Amino acid sequence: MIESLTVDRMVAVPMRDGTLLRADVYRPAGQRCPALVFRTPYDRTGLGMYGTFALRAASSGFAVVMQDTRGRGASGGRFTPFVHEREDGYDSIDWVASQPWCDGNVGMFGGSYDGVTQWQAAMSGHPALKAITPNVTASSYHHGWVYRGGAFQLSFSLGWTLSLAAHNAARDPSVPAEVREALTDASDRLPDTALTLPLDRHPYLDDVAPYYREWLEHPGYDEFWERLDVSRAYPEITVAAFNLGGWYDTFLGGTLANFAGMRAEGPQGVRDRQRLLVGPWPHEGLFSGNPVGSWSFGGRATGSALDADGLQLRWFDRWLRDGGDGAGTDPPVLLYAMGADQWRVADSWPLPGTEYQDWYLHSGGRANTLHGDGRLSRDTPGDQPPDSYVYNPRNPVPTLGGALCCSPVHTRGGVYDQRPIEEREDVLVYTSEPLTEPLDVTGPVTAVLHASTSAPDTDWTAKLVDVGPCGYARNITDGILRASHRDPAAGPRPVTPGEVVEYRLDLGATSNVFQPGHRIRVEISSSNFPHFDRNPNTGEPPGRSTEMVSALQNVHHAGPHLSRIVLPVVDPEATRPYRTET
């Protein structure tokens, strides 16, 4: 343990275009050592959630560089999400590696947007960057950050933008006072602000955050998003990556994709330098305790109980010091199995030997609400009428928990009893019989809907729920698909009203053991607001529409139209217990 640290504040780090980014450096006094870089738009001086890790790392013999990204904190330039992080990351690492206190080996840490800065720096190819530990972050900034299934992630995209814009405006005297006040008011009243139509009718954002309008102008995956996509660069990325995430984090898909993608497509020399850890956490991830929403997963479920900081330091020891204390024995995959409430280890993701089971939707045509006749079973349906409901975008299904970010006031993520949602007539509910044996569902979950609509475009949503013996309906995972985006490769295209179409909804992934006496439930509807923007059902791009109409929705589950949910069921032998100290 290092007894004395040197702290250098407001250090100027020059970028290739002359912009100066500011950093604070915490380092062992009088030593050359590996460096860990933390690049953040959230104010380097506050240290925040990563302050404890930064000081522990410095005390363990690393130089820690805490830097404000371009246009944030004390750094110069203008902040535009994603765009400058690759070049600025390269230049920052280049500067760090050349300092007399650095031995030339560099790692990076942090989460959320601070994970963006890591992956973009890794894409830059700087040879000094050897290892990263991205926590709760994305892979594609189109699908998984701004959009999902073609729907705009409204509460996150708007709330995050307003928060950053208000902060920037407060420190910029050139921004008129009325604009600063409007930004703060809009952020404080996010649920009302989210009702604004069209979605880009926030004129005060155009000067301080023009990227918000730009996101809305690119609803499909095009060149705008392609150049930023981490997944397209896997074959060229040469860093060791320890990916950390949460089952209730909005960026879970990116965490899993980055791990699996690097293991499958990365250069041969780095495929086995990838690691994955996923806990039962919301976006706060390692720093969240219990409850997660309204549910407690127990004392072993927290990042502190797992000593996640220690796991990351061992990772950096291994890749920046040519071997560390026990790092070589750490398992490649460490997951928290909800329902069983235990940590488990595995050798890959998805788990080997996964059986993808079809669970079919059944009803007599009246699956509406919790009290309807919707059933879920492994049996193939016979001749059954479709279920119908009216989706009215003026009265959308409200968001209640799930994989959300980043407003604990307006959109609280995690677990909540879904029965209030299931009382609505525009929510179809399908429930299995009580299970007689445990069912371990670990992996990606897909809903396959055969559905028709009276509209030229609409949305379909699905949610997987674990129903306890007392009736508590614990949300596990959910997803959405905009009908016009049903085939991403073909680009947006309308549907023919009344035509039955097969839709495949990505519900994300989970690890949940449905225990004996519990029931599996699936909810089907057409909105989840304000998590996602409302589809107006008019066929217009939702970002530009000011009109809304209701749509008659039909979900078919008979004959050739077998609507179902596909559950990844694993054998108990696919994982091994992992012990932690409480």
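Residues numbered from 1 in each chain as written. Predicted model: local features only at pLDDT ≥ 70, side-chain atom pairs only at ≥ 80, totals over all residues. Heavy atoms only, no water.

In the nomenclature of an unreviewed UniProt entry, the protein chain corresponds to X-Pro dipeptidyl-peptidase from the organism Streptosporangium carneum.

**Student:** Run through the overall build of the protein chain, naming residues and quoting values.
**Tutor:** Each helix and strand counted, the protein chain has 12 helices and 24 strands in total. Computed over C-alpha atoms, the radius of gyration of the protein chain comes to 24 Å, within 12% of the 25 Å expected from 2.2 N^0.38 for 582 residues, which places it in the range of a compact globule. Referenced to the eigenvectors of the C-alpha coordinate spread, the extents of the protein chain come out at roughly 80 × 60 × 40 Å. Expressed as a percentage of its 582 residues, the buried residues of the protein chain come to 61%. Surface accessibility of the protein chain: about 21400 Å² in total, with carbon and sulfur atoms responsible for 49%. Taking the 50 positively charged and 70 negatively charged side chains of the protein chain as two groups, their mean positions are separated by 3 Å. (Helix = DSSP H or I, 4+ residues; strand = E, 2+ residues; numbered from the N terminus. Rg over C-alpha atoms; globule rule 2.2 N^0.38 Å. Buried < 20%, exposed > 50% of the residue type's maximum accessible area, 1.4 Å probe, protein only. Areas by Shrake-Rupley, 256 points an atom, 1.4 Å probe, with all protein chains shown as cover. Lys, Arg positive; Asp, Glu negative; His and termini not counted. Charge placed at Lys NZ, Arg CZ, Asp CG, Glu CD.)

**Student:** Give a description of the packing of aromatic side chains that names residues and reports values.
**Tutor:** What the rule picks out here adds up to 35 aromatic pairs. Seen in terms of ring centroids, Phe 82 and Trp 215 are 6.1 Å apart; in terms of plane orientation they differ by 25 degrees. Their pairing is stacked. Of this pair, Phe 82 sits in the loop between strand E4 (63-68) and helix H2 (85-97) while Trp 215 sits in helix H8 (residues 211-216); the two residues are 133 residues apart in sequence, bridging distant segments of the chain. This pair shows no difference in class: Phe 82 is buried, exactly as Trp 215 is. An angle of 70 degrees between the planes, with centres 5.8 Å apart, marks the rings of Trp 315 and Trp 319 as edge-to-face. Taken together, the residues span about one helical turn, with Trp 315 and Trp 319 both in helix H12 (residues 308-320) at a distance of four residues. (Phe/Tyr/Trp six-rings, centres within 6.5 Å; stacked < 30°, edge-to-face > 60°.)

**Student:** How would you sum up empty space enclosed by the protein? Please name residues and give values.
**Tutor:** All chains considered together, the criterion is met by three cavities of 30 Å³ or more. Counted as a void, the largest cavity has a volume near 140 Å³. Elements with a contribution of two residues or more to the lining of the largest cavity: strand E18 (459-467), strand E19 (473-482) and strand E21 (519-525). Of the residues that constitute the lining of the largest cavity, the class distribution is seven nonpolar, nine polar and three charged. Of the pockets and cavities examined, the second largest cavity occupies roughly 60 Å³. Forming the boundary of the second largest cavity are Leu 154, Ala 194, Leu 197, Leu 199, Phe 529, Asp 533, Arg 534, Pro 536, Pro 542, Ser 545, Glu 547 and Met 548. Across the lining of the second largest cavity, the residue classes break down as eight nonpolar, one polar and three charged. (1 Å grid on protein atoms, 1.4 Å probe; cavity = no way out; pocket = protein on both sides within 12 Å on 5 of 7 lines; lining within 4 Å. Points joined across faces, edges and corners; volume = space filled by probe spheres on them. Nonpolar A, V, L, I, M, F, W, Y, C, P; charged D, E, K, R; others polar.)

**Student:** Let's hear about H2: which residues, and what values?
**Tutor:** Helical periodicity: at 3.6 residues per turn, an α-helix aligns residues three or four positions apart in one direction. Compared with the 18 Å implied by 1.5 Å per residue over 13 residues, the 18 Å span of H2 between its first and last C-alpha is a close match. All of the buried residues along H2 are Glu 85, Asp 88, Gly 89, Asp 91, Ser 92, Ile 93, Trp 95 and Val 96. (Expected span 1.5 Å × (residues − 1).)

**Student:** Let's hear about the sheet that holds strand E10 (residues 274-279): which residues, and what values?
**Tutor:** Overall, mixed pairing links the 11 strands, which are arranged E1-E2-E4-E3-E5-E6-E9-E10-E11-E12-E24 in an open sheet. Two strands lie at the open edges of the sheet, namely strand E1 (5-14) and strand E24 (576-577), each paired on one side alone. With four bridges connecting them, strand E3 (residues 33-40) and strand E5 (residues 102-111) associate as parallel partners. Paired with Ala 35 across the two strands is Val 106, which belongs to E5. Running at roughly 140 degrees to E5, H2 makes contact with E1, strand E2 (20-28), E3, E4, E5 and strand E6 (129-135) of the sheet. Along the sheet, helix H3 (residues 113-124) makes contact with E3, E5, E6 and strand E9 (240-246), crossing E5 at roughly 140 degrees. (Pairing = 2+ DSSP bridges. Contact = heavy atoms within 4.5 Å. Axes fitted to C-alpha atoms, helices over the stretch in contact; angles between N-to-C directions.)

**Student:** An account of the pattern of salt bridges is needed here, citing residue identities and associated values.
**Tutor:** For the coordinates displayed, the defined rule picks out 27 salt bridges. Among the salt bridges present, the one from Asp 200 reaches Arg 213, with a minimum N-O distance of 2.8 Å. Pair noted here: Asp 200 is in the loop between helix H6 (190-193) and helix H7 (203-208) and Arg 213 is in helix H8, with a separation of 13 residues, a long-range link. When the shortest N-O distance is used, the salt bridge between Arg 213 and Asp 206 registers 2.9 Å. Here the salt bridges share partners, and the residues they tie into one network are Arg 9, Asp 24, Arg 44 and Asp 68. (Salt bridge = Lys/Arg side-chain N within 4 Å of Asp/Glu carboxyl O.)

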